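Architecture at a glance
Take a look at the letters that make up each chain.
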Amino acid sequence: MRLNPTRLDKNEKPKQVGLKRALLSPSSNHGGLYAPLKLPKITDKKWQELSLLSYEKIALYVISLFKFDVDEKIFKSAIKRYKNFDKPNEPVQFKKLAKNLYINELFHGPTRAFKDMALQPFGEILSLLAKEQKQNYLIMCATSGDTGPATLKTFANSKNIKALCLYPANGTSEVQRLQMVCMQGENLKTIGINGNFDDAQRALKTLLSSQNFKSELSKSKFNLSAANSVNFGRILFQIIYHTYAYLRLLKLGLINKNETFDIIVPSGNFGNALGAYYAKKMGAKIGKIKIVSNANNILTELFTTGIYDLRGKKLVKTISPAMDILISSNVERLLFDKFGAVRTKELMDALCKDKFYKLTKDELSLLQDDFVADFCTDSECEKFIKEWADKKVAIDPHTATCLKMVDDKKINVITSTAHWVKFAPSMLKACKIDAKNEKDGLLKFAKNVNEVVPESILELFDAKILHPEVTNQEQIEAKILDWIKK
Ligand SMILES: *Cc1c(COP(=O)(O)O)cnc(C)c1O
């Protein structure tokens, strides 16, 4: 399969690319992305067979259907990265919470957020491709808190690769910040920027499309790529865990093959939810994909009114910082899938120029065939956290927003995106527990829900800070080039 650019002018011919190209150079023409034109289909009979297989085998099968131009050997090696997860043969843990309510836990990787699900294998693939092509790559990401640690971790000490992350200096949790500024690896760098996630993402997009930056990099023999979910290489792995949720329901006999279930996704940049949409298109019996936001509820507005409106909106800081996003990049791939590249370009151009776009009634109704959306305020979220902590179940502030959208007359699968240890102060506040400091709070909360805090988190509080730098946006380019030239 080849991937298509998401933006085209009328009568313009699409320049399709293979996955390799899209991985190494993720932006397409007119500032667009790459996306599949059609998804491969899995038959009912095949779903039944797959339900008996391990996560690794399911993943390799799903990937094989795409017939990408990357060797199976490389994918096999990539999937082996899941051996570093809490349970080596079960990277995703699917559990029952209550009647009709299940949780798909995606946070059992090395940095304790679902970003590891895609970035661990993605890092392996990029490193192998860079080696195969005897090229050096600078891989950049902008992070609202979880992509940063996961990107640094996956590339730590990879040959031919340097990895850099930009994070909003006051926009992440303390554990997330420590994970980034203390991450070890000769080839890594972290820079805090004065601004929010949208500023960090904008800075990244500017650099990715800057000819000057690229030519300076090439003088040092470095190519440029990005690890954000603008890279289709990440989306690929985010389809698999949603198919896994369906397969667990099948295997456990909780659903018959004519029944559907709803998936609830705490959303920001929309990569996770897009993975669910692609899984549905591949034949997983997903009914509605429920998009939850926090107070930054621009997606709620889009899916209920058809209007994407940035005018006069300001990012609000919430207790679910990974969802503090207004410019949700992967919505573009959904627009492309539903309305085609010409219309997508029209809409994205309008968003850039006028700061808003409006879908037609028919277009909105096409989105509503698959999606519903709502938002959960911090105080509602705190209530959910407390309610479940009282039952000795710790649910992080992102995952907890999902509880707003549960309909107990249907099977619901909540997509759990982070381990609560990354957000201890919010957990404590929700449960009205006092603590001397963050480490003390972590230990107290863990005791409260009969859990232990992973050693990799506790040791952060005594780790050496290797990347203290915080800078203004104007200085980012120069700082990165200085580092590359060293
Ligand atoms: C990244 C992230 C999200 C948002 O996911 P998107 O794919 O960007 O929509 C939600 N929760 C957590 C914990 C995250 O790290």
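This is a predicted model, so every value here is computed, not measured. (Residues numbered from 1 in each chain as written. Predicted model: local features only at pLDDT ≥ 70, side-chain atom pairs only at ≥ 80, totals over all residues. Heavy atoms only, no water.)

Thoughts on the domain arrangement of the protein chain
Operational definition: Where each domain starts and ends follows an automatic or database-derived domain assignment. A contact between two residues is defined here by any heavy atoms of the two lying within 4.5 Å. When two components associate, each loses some accessible surface as probed by a 1.4 Å sphere; the sum of these losses over both components is called the buried area. Salt bridge, as applied in this entry: a Lys or Arg side-chain nitrogen positioned within 4 Å of an Asp or Glu carboxyl oxygen. Whenever a nitrogen or oxygen atom comes within 3.5 Å of another N or O atom, the pair is scored as a polar contact, on the condition that within protein one atom can donate a hydrogen and the other can accept it, and that pairs from neighbouring residues in sequence are kept only if both atoms are in side chains. Numbering goes from the N terminus for both helices and strands, where a helix is a DSSP run of H or I of at least four residues and a strand is a run of E of at least two. All residues other than Ala, Val, Leu, Ile, Met, Phe, Trp, Tyr, Cys, Pro, Asp, Glu, Lys and Arg, Gly among them, are scored as polar; the first ten of these are nonpolar and the last four charged.
The assigned domain composition of the protein chain is domain 1 (3-108 + 232-416), domain 2 (116-228 + 465-485) and domain 3 (420-453). Inter-centroid distance (C-alpha atoms) of domain 1 to domain 3 is 29 Å. On the domain 3 side, the residues contacting the 13 residues of domain 1 number twelve residues. It is Glu 382, Lys 392 and Ala 394 that lose the most area in domain 1 upon contact with domain 3, and together they represent 42% of the buried surface on that side. Where domain 1 packs against domain 3, one counts one salt bridge. Here Glu 382 and Lys 429 are joined by a salt bridge, their closest N and O atoms 2.6 Å apart. Between the two partners, domain 1 and domain 3, sit two residue pairs in polar contact (both at pLDDT 80 or more). Elements supplying a minimum of two residues to the side of domain 1 that touches domain 3: α15 (378-389) and α16 (397-400). Taken together, the residues of the side of domain 1 that touches domain 3 break down into eight nonpolar, one polar and four charged.

Looking at the site of the ligand
Defined as follows: Nearness of a residue to a molecule or strand requires only that one of the residue's heavy atoms be within 4 Å of it. Only the protein chains shown count as cover for residues, and the accessible areas themselves come from Shrake-Rupley with a 1.4 Å probe.
Close to the ligand lie 15 residues; Lys 115, Asp 146, Gly 268, Asn 269 and Phe 270 are nearest. Asn 269 places a main-chain nitrogen or oxygen 2.7 Å from an oxygen atom of the ligand. Computed on the free molecule, the ligand has an accessible area of 380 Å², of which 96% lies beneath the protein chains in the complex. Of the residues belonging to the shell around the ligand, the class tally is six nonpolar, seven polar and two charged.

Regarding the packing of helix α4 (residues 72-79) against helix α5 (residues 115-132)
Condition: To obtain each axis, a line is fitted to C-alpha atoms, and for helices this fit is confined to the stretch in contact; angles are then taken between N-to-C directions over 0 to 180 degrees. Working definition: roughly parallel below 35 degrees, roughly antiparallel above 145 degrees, roughly perpendicular at 65 to 115 degrees, and oblique for all remaining angles. Should the near helix be turned anticlockwise from the far one by less than a right angle, the crossing is left-handed, and should it be turned clockwise, the crossing is right-handed.
Axis separation between α4 and α5 bottoms out at 8 Å; the angle between their running directions is 140°. One way to sum up the angle between α4 and α5 is to call them oblique. Crossing hand, α4 versus α5: right-handed. In this structure, α4 contributes Ile 74, Phe 75, Ser 77 and Ala 78 to the contact, and α5 contributes Pro 121, Glu 124, Ile 125, Leu 128, Leu 129 and Glu 132. By residue class, the composition of the contact of α4 with α5 is seven nonpolar, one polar and two charged.

Quick notes on the sheet that holds strand β6 (residues 161-168)
Just so we agree on the cut-off: The pairing criterion for strands is at least two bridges between them, as found by DSSP.
With parallel pairing, five strands are arranged side by side in an open sheet as β8-β5-β6-β7-β15. Each edge of the sheet is formed by a strand with only one pairing partner; in this case those strands are β8 (222-226) and β15 (470-471). In the sheet, strand β7 (residues 188-193) pairs with β15 via two bridges, with the strands oriented parallel. Bridging from a neighbouring strand, Ile 193 pairs with Thr 471 of β15. Seen against the sheet, α5 touches β5 (136-142), β6 and β8 and runs at an angle of roughly 140° to β6.

Observations concerning the pairing of strand β3 (residues 93-98)
Of the pairings in the sheet, the one linking β3 to strand β4 (residues 101-105) comprises five bridges and is antiparallel in character. Bridge pairing in β4 places Ala 98 opposite Leu 101. Hairpin connection of β3 to β4: two residues between the antiparallel strands, including Asn 100 at a positive phi of 65°.

Section: the packing of helix α10 (residues 232-251) against helix α11 (residues 271-281)
Helix-helix packing is described using two parameters, namely the angle between the two axes and the distance between the axes. For the pair α10 and α11, the least separation of the axes is 8 Å and the interaxial angle reads 60°. Between α10 and α11, the crossing angle belongs to the class labelled oblique. When the axes of α10 and α11 are compared, the crossing they make is right-handed. Contacts from Phe 232, Ile 235, Gln 238, Ile 239, Tyr 241, His 242 and Thr 243 of α10 reach α11 at Gly 271, Asn 272, Leu 274, Gly 275, Ala 276, Tyr 278 and Ala 279. Residue composition of the contact of α10 with α11, by class: eight nonpolar, six polar and no charged.

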